[in-house]
Amino acid sequence: MAKKKSEIRTISVKSPKQGDQYYFLFAGGILKGTLGERIERLESHYEEKWYRMHVIERGREMRYPVSQRNIALTYDELRSI
């Protein structure tokens, strides 16, 4: 069967603040983490804002690169994707 064409998600958090907690989409899963610094190398390649999200799982800090389009204030905003 043919795959469903994914639509480009609109930006729901226009100006995220570093240090605040947000939900984000990474590899098909929804996680909650703290917004870190911007990633300039990915921004120049994709021509949109990218951030590093910090999540502490089982006593270890995990860092994920996330586009601004995949950041939301609530879980339900990302669940419908």
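Higher on the page you've got the structure.
How each quantity is defined
Residues numbered from 1 in each chain as written. Predicted model: local features only at pLDDT ≥ 70, side-chain atom pairs only at ≥ 80, totals over all residues. Heavy atoms only, no water. Pairing = 2+ DSSP bridges. Helix = DSSP H or I, 4+ residues; strand = E, 2+ residues; numbered from the N terminus. Salt bridge = Lys/Arg side-chain N within 4 Å of Asp/Glu carboxyl O. Buried < 20%, exposed > 50% of the residue type's maximum accessible area, 1.4 Å probe, protein only. Phe/Tyr/Trp six-rings, centres within 6.5 Å; stacked < 30°, edge-to-face > 60°.

**Q** Just checking my understanding: could you explain the sheet that holds strand β2 (residues 29-38) for this structure?
**A** Sheet strands pair via backbone hydrogen bonds, and the direction of the pair is either parallel or antiparallel. On the basis of which strands lie adjacent, the open sheet formed by five strands has the order β4-β3-β2-β1-β5 and antiparallel pairing. The open sheet terminates on both sides in strands that have one partner only, identified here as β4 (60-67) and β5 (71-72). In the sheet, β2 pairs with strand β3 (residues 50-57) via three bridges, with the strands oriented antiparallel. For Thr34, the partnering residue across the bridge sits in β3 and is His54.

**Q** Hey, could you run me through the pattern of salt bridges in this one?
**A** Opposite charge on two side chains permits them to pair, given that their charged atoms come into close proximity. Using the criterion set out here, one finds four salt bridges in the structure. A salt bridge links Glu43 to Arg38; its shortest N-O distance comes to 2.8 Å. Residue class for Glu43 comes out buried when judged on its relative accessible area of 14%. The partly exposed category is assigned to Arg38, whose relative accessible area is 44%. Asp76 is the partner of Arg79 in a salt bridge, and the nearest nitrogen-oxygen pair spans 3.5 Å. Taken together, the positions of Arg79 and Asp76, both in helix α2 (residues 75-79) and three residues apart, correspond to about one turn of that helix. By relative accessible area, which is 48% here, Asp76 ends up partly exposed.

**Q** Just to check I follow, could you spell out the packing of aromatic side chains for this structure?
**A** What describes a pair of aromatic rings is the distance from one ring centre to the other and the angle between the planes of the rings. All chains considered together, the criterion is met by four aromatic pairs. Aromatic rings pair up to connect Phe24, Phe26 and Tyr64 into one cluster.

**Q** Would you take a moment to explain unusual backbone geometry for this structure?
**A** Across residues other than glycine, the phi torsion is negative in most instances, and most of the peptide bonds are trans. Here the phi dihedral of Glu47 falls at roughly 60°; this positive angle occurs in a residue that is not glycine. Note on placement: Glu47 falls in the loop between α1 (40-46) and β3. On the basis of relative accessible area, Glu47 is assigned to the exposed category, the value being 72%. A positive phi angle, close to 50°, is found at Arg58, a residue other than glycine. Inspection of the secondary structure assignment puts Arg58 in the loop between β3 and β4. Its relative accessible area of 85% is what places Arg58 among the exposed residues.

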